[in-house]
Amino acid sequence: MTPGLILLVLGLAVLGVVGALIANLRRSQRAREVQAGLEVLRTLRWKEFTQHVQQTFEKRSFHPEATPRKPGEDGVDLVLVRAGQRHLLQVKHGGAYHVGATPVRRLASMLESHGATGGILVTSGGFDDDARAAAQGQPVTLLDGDALWTQLQDVLPPALIDEAGHLTGAPDLAVEVLSAGAANERRDRELKLKLDDL
């Protein structure tokens with residue numbers, strides 16, 4: 001091997017290592033940004049969070065159906081319509097939410113009775129593997145984590161995001177306490193509706 005060839009190989013190796021380091025740094029920065037964004041989303045009140053979710057879907061040609069029903073009634077937070085097709089939207093909000101298979105199955109089972117072609121389940125928490133498995137083969141879309149932040153960051157108030165897309169603050173902090181079990185879920189839903197009417 002000639003000295004020139006050795007230098008070329010070493011130069012390419014150094015460029016490869018530097019490129020990998022830069023890519024890793026960008027991924028790490030993106031992960032921190034997503035985590036910070038999710039933390040801000042989790043500080044929103046349920047009603048504010050749901051409004052941002054609604055705005056996000058409105059940008060994608062989904063429109064809320066005019067109805068006298070209240071959010072959360074019959075387990076549906078919003079009915080969205082796009083191209084004449086109804087979609088049920090259910091929002092699970094709060095960092096403590098770890099959504100399992102039951103809400104996914106419940107949403108899928110409600111589609112026919114509401115005349116909906118699909119369901120959308122959104123959480124500022126996360127979905128477990130059972131929830132993801134339950135959604136497979138069902139007309140139910142799950143939205144959380146990185147995908148959620150990617151969708152919602154464009155509709156947050158400008159005061160929360162600077163020109164570079166970095167978070168600059170957080171809205172007023174609200175804590176939502178959630179309990180397992182049908183009776184507790186009903187109680188939490190009724191309390192959530194009362195609080196959001198304030």
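Parameters at a glance
- Along each chain, the written sequence defines residue order, and numbers are assigned to residues from 1.
- Local features are withheld for residues below a pLDDT of 70 in this predicted model, meaning they are given only at 70 or higher, and side-chain atom pairs are given and counted only at 80 or more; totals for whole chains, interfaces and linings count all residues.
- Neither water nor hydrogens contribute to the side-chain values; these are computed over all heavy atoms in the structure.
- Three exposure classes are used, based on accessible area relative to the maximum for each residue type with a 1.4 Å probe and protein chains only: buried under 20%, partly exposed in between, and exposed over 50%.
- Secondary structure elements are defined from DSSP: runs of H or I of at least 4 residues count as helices, runs of E of at least 2 residues count as strands, and each element is numbered from the N terminus.
- Any pair of residues with heavy atoms lying within 4.5 Å of one another is described as a contacting pair.
- By this definition, two strands are paired if DSSP reports at least two bridges between them.
- Between N-to-C directions, angles span 0 to 180 degrees; the directions come from axes that are lines fitted to C-alpha atoms, helices contributing only their stretch in contact.
- By the definition adopted for this analysis, an angle is roughly parallel if under 35 degrees, roughly antiparallel if over 145, roughly perpendicular if from 65 to 115, and oblique otherwise.
- In this classification, the charged set is Asp, Glu, Lys and Arg, the nonpolar set is Ala, Val, Leu, Ile, Met, Phe, Trp, Tyr, Cys and Pro, and all remaining amino acids, among them Gly, are polar.
- Patches here are clusters of residues that have more than 30% relative accessible area and form no salt bridge, with a 9 Å joining cutoff for like charges and a 5 Å cutoff for nonpolar side chains (Val, Leu, Ile, Met, Phe, Trp, Tyr).
- For every accessible area listed, the method is Shrake-Rupley and the probe measures 1.4 Å; residues are considered covered only by the protein chains on display.
- We define a salt bridge as a contact between a side-chain nitrogen of Lys or Arg and a carboxyl oxygen of Asp or Glu at a distance within 4 Å.
- Only Phe, Tyr and Trp rings take part, Trp by its six-membered ring, and two of them pair if their centres are within 6.5 Å. Stacked means planes under 30 degrees apart, edge-to-face means over 60, and tilted covers everything else.

## Overview of helix 3 (residues 101-113)
- All of the buried residues along helix 3 are Ala101, Pro103, Val104, Leu107, Ala108, Met110 and Leu111.
- Contacts made by the buried residues of helix 3 are with strand 3 (85-92), strand 4 (98-99), strand 5 (118-123), helix 4 (129-135) and strand 7 (140-143).
- Taken from the residues just after helix 3, Gly115 is the one with a positive phi, measuring 65 degrees.

## Considerations on the sheet that holds strand 7
- Taken together, five strands build an open sheet; the order of strands is 1-2-3-5-7 and the sheet is mixed. Of all strands in the sheet, those bounded by a partner on one side alone are strand 1 (63-64) and strand 7.
- Relative to strand 2 (residues 78-82), strand 1 is paired through two bridges, and the arrangement is antiparallel. Counted as the bridge partner of Pro64 is Leu80 from strand 2.
- Contacting strand 1, strand 2, strand 3, strand 5 and strand 7, helix 2 (residues 46-58) crosses the sheet at an angle of about 150 degrees to strand 3.

## Things to note about the packing of helix 2 against helix 5 (residues 145-152)
- Contact pair helix 2 / helix 5: the axes reach a minimum separation of 9 Å and the direction vectors enclose 75 degrees. What the angle tells us is that helix 2 and helix 5 run roughly perpendicular. For the pair formed by helix 2 and helix 5, the contact residues are Phe49, His52, Val53 and Thr56 on the first element and Leu148, Gln151 and Leu152 on the second.
- The residue makeup of the contact of helix 2 with helix 5, split by class, is four nonpolar, three polar and no charged.

## Looking at a nonpolar patch on the surface
- Together, Met1, Leu5, Ile6, Leu7, Leu8, Val9 and Leu10 give the surface a local cluster of nonpolar side chains, amounting to about 710 Å² of exposed area.
- Note that Met1 resides in the segment before helix 1 (3-43).

## Some remarks on the packing of aromatic side chains
- A complete count under the given rule lists one aromatic pair for this structure.
- For the pair Phe57 and Phe62, a centre-to-centre distance of 5.4 Å together with 90 degrees between the ring planes defines the contact as edge-to-face.
- Given the relative accessible area of 9%, Phe57 is considered buried.

## Here's the deal with the environment of His63
- Secondary-structure assignment places His63 in strand 1.
- Spatially, the C-alpha atoms of His63 and Ala83 are 9.6 Å apart, while their sequence positions differ by 20 residues.

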